[in-house]
Amino acid sequence: MWAAATIAFFALRLAGGDPTQSLVAQGLASAEQAAALRAELGLDAPLLDQYARFLVGLIQGNLGESLYTRRPVVTTIAEQLPSTLALAAGAIVVSLLIGTSLGIVAGWRPETLLGRAADAISAMSTGIPVAVAGILALLAAAAAARVVPSVLFLTRAGNVALPAVTLGFATSGALARAVQAGLADSRSAPFIVAARARGIPPGWRLLWHALRPALPVAVSLAALQAAFLLSGTVVTETVFSRPGLGRLLVSSILQGDFPVVQGLVVLAAILYTTTQAIADGLAVILDPRLGETS
Amino acid sequence: MRRRVFLLGISAALVAALAGGCAPAETARGTLTYGLTLSPTGIDPHLNASAELGIPLSSVYDTLVFQDPETGEFLPGLASSWSVSDDGLDYTFNLRPGVRFHDGSAFDAGAVVANIDYVMSPDNHSQKAVFMLGPLESVEAVDDRTVVIHLNEPFPPLLDSLSQVYLGMASPEALETWGPAEYQFHQVGTGPFRFVEYVPNDHLTLERNPEYAWGPEIYRNKTARVERVIFRFYVDVAARSLALENGDADVLGEIPIHESRRLETSGEFVVYPVPIPGQPMQFLFNTLKAPTDDLSVRLALLTALDRAGIVDTVFGSTSPVANGPLSASNWGSSAERLPDHDPRRADRLLTEAGWTVSGGVRAKDGEPLRLTIVAPIWGNNPEVAQLMQAAWEILGAQVELRVVPSFGELKESQESGEYHVIGINFFGTDPDLLRPMFASDGIYNWTGYQDPLLDDLLVRGGSSSTSQAEREAIYGQVSQIVINQVLIVPVRDYVNLVVANRRVQGLRFAYAGWFPLLIDLQLAS
Amino acid sequence: MNLRARFALLWVAVVVGLSLLAPILSRYPPGQPVGAPLASPSSAMLLGADELGRDLWTRLVLGGRSSLSASALAAVITVILGIAAGLVAAVGGRQIDVVVVFLVNAALAIPGLLLALLLVAGIGPGLPAVILAVGFGGAPGFARLARQAFLQGQTATYISAAFALGAGKLQVALAHLLPNARAQLLPLAGTYFAWSFLGTTTLTFLGLGGDPANPEWGSMLNVGRSHLFDAPHLVLLPGLAIALTILAVHSLAGALAQPGPPTH
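Residues numbered from 1 in each chain as written. Chains lettered and ligands numbered in written order. Predicted model: local features only at pLDDT ≥ 70, side-chain atom pairs only at ≥ 80, totals over all residues.

1. Focus: the overall build of chain B
Summing up its helical and strand segments, chain B has 16 helices and 23 strands in all. A compact globule built from 525 residues should have a C-alpha radius of gyration of about 24 Å, and chain B, at 24 Å, falls within 12% of that. Each principal axis of the C-alpha distribution contributes one length, and for chain B these read about 75 × 60 × 40 Å. Burial analysis of chain B (525 residues in total) assigns 51% to the buried set. Partitioning the intrachain contacts of chain B with sequence separation of at least 6 by distance along the chain shows that 69% fall at a separation of at least 24. (Helix = DSSP H or I, 4+ residues; strand = E, 2+ residues; numbered from the N terminus. Rg over C-alpha atoms; globule rule 2.2 N^0.38 Å. Buried ≥ 20, exposed ≤ 12 C-beta atoms within 10 Å, placed from the backbone. Contact = placed C-beta atoms within 7 Å.)

This is the structure we're talking about:
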């Protein structure tokens, strides 16, 4: 996490030049004020001093101020957070639903038509970019609205359904793959054979037995997918014109508002590393064998 | 059924009452959603420059004077009357009594002084309002109800400036409490709507001000007819028509022509083409950088453009082709005769200027003809620029197009000097807006052209106490020089295609074009 | 090779072929309007015209050429950086390995696409910036996997033998470790090409690709959205082309990774 913050800091510093110069060019500050601002932001200090200051601020929960609005980055991000959280939560639910069901169908009955269809769909979900999937979803909604006009409510900015399905579908493929592989392995595992021998009927109960060992892998993969979710919100919010952190990131990049970009990347890294830690913990709970071996 | 008949009866009565000119028993209901097309970096009208901010905020603030939406005539606002000294240096305003800010404080001469001080304070970096005050010397509260603005030199556009939201009257207490960074989130005016909440990139909410009783005569209603107006941002052109169709937005501007046609034929929407006075959409030639420093090269490049065809492709037939540095609807504009589209003449002009073609490449002294176009991303500038690029490539030029995403980056590109053609225009109602762009020392003199004659005309047009007729003649001459020197590529007179849901009634716009008179809006049931 | 991989190969061959032949196949200059805006397909314009009256077929094949070459360049950057880091870690000794692993893990805490966005933020928009950013953005992930492949190879006895014979580290790395890991690295490179393709088209879709007159699938997808409802083919054609290409490259990389006989 600290390392990610460091990279965010140096990537922008080394490539970016002096951000206050652009303020002068834009007439938002005079040369003297830019100098004052540089001093205030500590930009005229040596790079390592700036870095130390950045870290101290980070520990205190202070990510600096936006160059343009002069408001704290933390506030700016907090304003946009709810919208993105709603999208991400919806996407996670959709992803879990689609991912596990595709994985179960494809893994439990791989030879049937249904199983192969599920396999193909999960392959598509990893291949189709979010931008394309989102546009297809919009077109589909518009086409459906020609028959049932009320369907159009799905496309409203406040409605999270379509974006969540788009993003959730895009992140479901890897999960489906993990469940599928786990199931395929455990179908022939001794304990399943034993369970059959004990007379547990094939069907849902047996499926649950077979599914359990596949879950830890699926959970840690789901955490890996959180990374994708983060970058996926950027595209999803653009396609559906939803406000949120992704849009904030793109507009801050275009404006060169580097404290905001830096803050967002730090936040992403924090989210990403914590979800991974949680997932590792969960995996141990779900499959005690993991705890024993490690 | 009976209920509908009953409602129809009421609205008929309302119409009758309005037509009769007497104030009806005013009831307000409903929430209207208004789409904005830009997400400004700041929305403090005293400090920021965006036209978009005025769409909501011109109903939060009142101004000292108002402009008649049709004639542009100046009418009383917060100033019930005013007078100008013979030398044109002192403007005395008599303020209306009984006006209260949304925070309950009273509006008086001290408030006017506080507002102008806030705009003029160098620490606050006003990007627009400070320039609109021109040669201001001081502002003085003679008594509670009288305020005098003293100028260093005559400045006829002053009333125009004072009628715009950028010089709207804010509560001095609120300005004091919040300061320049935070005030934009806590704005307090005297207008028909009060400011409730602003979340950048997300929404801005206004609520009806039930105490409003000092509206100018251009407002048809005493108080607003809707309870709330929520503004949302639709920066993405692709999202706009969908937002209207799915009911997210009741009103949205800057709709592309093909979408506005589609929405109109559906029968559920009404299209309002709103002409915006000021400069047309245009590109400026950089006269400081070779090869556009050469008049015949500029003339050739202009002649090579099929401007009517470009406008038709990008904007359809709703938008007039521009023919000068001022929109045709703006007073002071004169229809200049621009060279016709004639690729052969363009070729001849370039050849005569020494730029000859060999192997499809046009070059002079072994140096190929290279051009850089800088186009801002908004208002279809990139599309128009691509068509210009295509036309100039046919001439054998190598054309690089840079699309910039913000006004800041546009200014940065300009500062670097690395451009031959750059897209920029300003809106406004007084032709004095040409001065910053075409005067030698103008802050937006991005053509780099310097001409004492032009300077003299602009100074006389903007700052002498000359009559209206004289000013018109002066700006006619200005237009002529701009066109003869080929300083600009005029593209189209700006028409904002606003599309509204049928249930929105009474949609009208201020003289400056962009700003709706929200007080007169109502929602049909 | 299964059916899916065959289709994938066919599609990739078609796209690469069209891209290579694009200058011949394109019938007009890509930036010139040659018909009415949104003109319908005709014998002169196979797919009709785009919103500015330019030949859509021309822009599509040239756009594919530019998307493919941009992402190929990005993938080359990723692979070179990744292999270099992996080799240095594998043969450089314990301390260097710790440093490399630390740096790679640090970079991996930022998801690749965000890292690429961050780099574009530093460099500024434009296609070259996008290529660099995507190339660097994928490098940490590739480096980690490459390092694992090299470490596995390092345990082989002939490597120890080579060291024993007095071969230098560089020599061992280039002459033995690299060829040895080829079977693992090749499909990995394929997967990362798909990733760069996704990354490149995503960044250009977000409007970071520079000059809009130069056709490119991601930018075309972005620009076409303003005609989503009256001319959906403007987005569907580049959109489906992007999706199919990524799917196909994924399938091929998968087939490369399991060269054995098909499972059924």
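Now that the structure has been shown, we can carry on.
2. Re the overall build of chain C
The helix and strand inventory of chain C stands at 10 helices and zero strands. Reading the secondary structure of chain C in the N-to-C direction produces α-α-α-α-α-α-α-α-α-α. Over its C-alpha atoms, taken along the principal directions, chain C stretches across nearly 75 × 45 × 30 Å. Of all 264 residues assigned to chain C, the portion counted as buried reaches 55%. Of the contacts formed within chain C by residues at least 6 apart in sequence, a portion of 66% connects residues at least 24 apart.

3. Looking at the sheet that holds strand 7 (residues 146-151) of chain B
Residue and element names in this part refer to chain B. As summarised here, the arrangement of the four strands in space is 4-5-7-6, forming an open sheet in which the pairing is antiparallel. Among the strands making up the open sheet, the edge pair consists of strand 4 (79-84) and strand 6 (136-143). Taking the axes of each pair of neighbouring strands and ignoring which way they run, one obtains an average angle of 20 degrees across the sheet. Sheet analysis places strand 4 next to strand 5 (residues 90-95), joined by five bridges and oriented antiparallel. Within strand 5, the position partnered with valine 84 by the bridge is tyrosine 91. Contacting strand 5, strand 6 and strand 7, helix 3 (residues 109-120) runs over the sheet at an angle of about 160 degrees to strand 6. (Pairing = 2+ DSSP bridges. Axes fitted to C-alpha atoms, helices over the stretch in contact; angles between N-to-C directions.)

4. Here's the deal with the interface of chain B and chain C
Tallying the contact residues gives 16 residues for chain B and 13 residues for chain C. Elements that contribute at least two residues to the side of chain B that touches chain C include exactly helix 7 (237-245), helix 8 (257-265), helix 12 (381-394) and strand 18 (398-404) of chain B. The biggest single contributor to the side of chain B that touches chain C is helix 12 of chain B, with seven residues. Per-class residue counts for the side of chain B that touches chain C are eight nonpolar, four polar and four charged. (Nonpolar A, V, L, I, M, F, W, Y, C, P; charged D, E, K, R; others polar.)

5. Some thoughts on the pairing of strand 21 (residues 495-501) of chain B
Residue and element names in this part refer to chain B. Of all seven residues making up strand 21, six are buried, and the element is well covered by its neighbours. Pairing of strand 12 (residues 269-275) with strand 21, which is carried by seven bridges, proceeds in the antiparallel orientation. Within the sheet, the bridge partner assigned to valine 270 lies in strand 21 and is alanine 500.

6. Focus on the interface of chain A and chain C
Contacts between the two partners involve 37 residues from chain A and, on the opposite side, 31 residues from chain C. Every element with two or more residues in the side of chain A that touches chain C is listed here: helix 1 (2-16), helix 6 (113-127), helix 7 (130-147), helix 11 (214-239), helix 12 (245-255) and helix 13 (258-286) of chain A. It is helix 1 of chain A that contributes the most residues to the side of chain A that touches chain C, nine residues altogether. Across the side of chain A that touches chain C, the residue classes tally to 30 nonpolar, seven polar and no charged.

7. So, helix 12 of chain B
Owing to its 3.6 residues per turn, the α-helix aligns residues three or four sequence positions apart on the same side. Residue and element names in this part refer to chain B. With 14 residues, helix 12 should reach 20 Å at 1.5 Å per residue; the first-to-last C-alpha distance of 20 Å fits that figure. Most of helix 12 sits inside the fold, with 12 of its 14 residues counted as buried. For helix 12, every residue scored as buried is listed here: Asn381, Pro382, Glu383, Val384, Ala385, Gln386, Leu387, Met388, Gln389, Ala390, Ala391 and Trp392. Each element contacted by the buried residues of helix 12 is listed here: helix 9 (295-303), helix 10 (307-315), strand 17 (370-376), strand 18, strand 19 (421-423) and strand 20 (488-492). Among the residues trailing helix 12, glycine 396 stands out with phi positive, at a value near 100 degrees. (Expected span 1.5 Å × (residues − 1).)

8. Notes on unusual backbone geometry
Residues and elements named next belong to chain B. In this structure, proline 291 follows alanine 290 across a cis peptide bond, with omega equal to 5 degrees. For proline 291, the position within the fold is in the loop between strand 13 (281-285) and helix 9. Residues other than glycine seldom take positive phi values, yet asparagine 201 does so here, at roughly 65 degrees. Mapped onto the fold, asparagine 201 is located in the loop between strand 8 (193-199) and strand 9 (203-208). Even without a glycine there, the phi angle at asparagine 380 is positive, about 65 degrees. For asparagine 380, the position within the fold is in the loop between strand 17 and helix 12. The class of asparagine 380 is buried, set by 22 C-beta atoms lying within 10 Å.

9. Describing the packing of helix 2 (residues 56-91) of chain C against helix 3 (residues 94-108) of chain C
Residue and element names in this part refer to chain C. Between helix 2 and helix 3, the least distance of the axes is 7 Å, while the angle of their chain directions is 145 degrees. The interaxial crossing formed by helix 2 with helix 3 has left-handed handedness. The segment helix 2 lies against helix 3, with Ala85, Val88 and Ala89 engaging Ile96, Asp97, Val100, Val101 and Val104. Among the residues forming the contact of helix 2 with helix 3, the class breakdown is seven nonpolar, no polar and one charged. (Left-handed = near helix turned anticlockwise from the far one by under 90°.)

10. With respect to the nonpolar core
Core analysis: the largest hydrophobic core is formed by 299 residues, its most contacted members being Leu264 of chain A together with Val120, Val130 and Ala133 of chain C. No other element matches helix 2 of chain C, which puts 15 residues into this core. Look past the residues within four positions of leucine 264 of chain A in its chain and what remains in contact with it is Ile77, Leu245, Leu248 and Leu249 of chain A. (Core = buried A, V, L, I, M, F, W, Y, C linked by C-beta atoms within 7 Å.)

11. Re the confidence of the model for chain B
Atom-level detail of predicted coordinates should not be read off regions where pLDDT is low. Per-residue confidence for chain B gives a mean pLDDT of 90; residues scoring 70 or more make up 94%. Low confidence marks residues 1-25 of chain B, where pLDDT is under 50. Its contacts with residues over four positions away, or in another chain, come to seven contacts. (pLDDT = per-residue confidence, 0-100.)

12. Quick look at the sheet that holds strand 19 of chain B
All names here are of chain B. Taken in spatial order, the five strands make up an open sheet running 18-17-19-13-20, and their pairing is mixed. Lying at the two open borders of the sheet, with one neighbouring strand each, are strand 18 and strand 20. Strand-to-strand twist in this sheet, taken as the mean axis angle between neighbours without regard to direction, amounts to 15 degrees. Bridge count between strand 13 and strand 20: four bridges; the pairing is antiparallel. Residue pairing across strands places leucine 284 opposite isoleucine 488, the latter belonging to strand 20. Its contacts with the sheet place helix 13 (residues 407-416) against strand 17, strand 18 and strand 19, and it is angled at close to 140 degrees to strand 18.

13. Description of helix 3 of chain B
All names here are of chain B. Between its terminal C-alpha atoms helix 3 stretches 17 Å, which fits the 16 Å expected from 12 residues at 1.5 Å a residue. Among the residues of helix 3, those classed as buried are Ala109, Ala111, Val112, Ala114, Asn115, Ile116, Tyr118 and Val119. Considering only its buried residues, helix 3 is in contact with strand 5, helix 4 (129-132), strand 6, strand 7 and helix 6 (172-182).

14. Concerning the environment of alanine 162 of chain C
Residues and elements named next belong to chain C. Topologically, alanine 162 is positioned in helix 6 (residues 157-164). Given 17 C-beta atoms within 10 Å, alanine 162 falls into the partly exposed group. Placed 10 residues apart in sequence, alanine 162 and valine 172 show a C-alpha to C-alpha distance of 7.0 Å. Excluding its chain neighbours within four sequence positions, the residues that come into contact with alanine 162 are Ala167, Val172 and His176.

15. Here we look at the environment of proline 216 of chain B
When you line up the elements, proline 216 of chain B lands in the loop between strand 9 and strand 10 (228-233). The spatial distance from the C-alpha of proline 216 of chain B to the C-alpha of glycine 54 of chain B is 17 Å, given a sequence separation of 162 residues.

16. Re the environment of leucine 158 of chain B
Residues and elements named next belong to chain B. With respect to the helices and strands, leucine 158 occurs in helix 5 (residues 158-162). With 111 residues separating them along the chain, leucine 158 and phenylalanine 269 place their C-alpha atoms 38 Å apart. For leucine 158, the contacting residues outside a window of four places in its chain are Tyr91 and Gly134.

17. Let's talk about the confidence of the model for chain C
Residues and elements named next belong to chain C. Per-residue confidence for chain C gives a mean pLDDT of 86, with 95% of residues at or over 70. When the elements of chain C are averaged for pLDDT, helix 6 gives the smallest value, 71, and helix 2 the largest, 94. Within the model, the stretch residues 260-264 combines pLDDT values under 50 with one contact to residues more than four positions away or in other chains. In the predicted assembly, ipTM is 0.86 and pTM is 0.86.

18. Comments concerning the pairing of strand 18 of chain B
When a strand is regular, its side chains alternate between the sheet's two faces. Residue and element names in this part refer to chain B. Along strand 18, five of the seven residues are buried, which leaves the element largely enclosed by surrounding structure. Here strand 17 pairs with strand 18 via seven bridges, running parallel. In the sheet register, leucine 371 faces strand 18, and the bridge partner there is valine 399. The β-α-β motif built from strand 17, the intervening helix 12 and the parallel element strand 18 has right-handed crossover chirality. (Right-handed = clockwise from strand over helix to strand, strands pointing away.)

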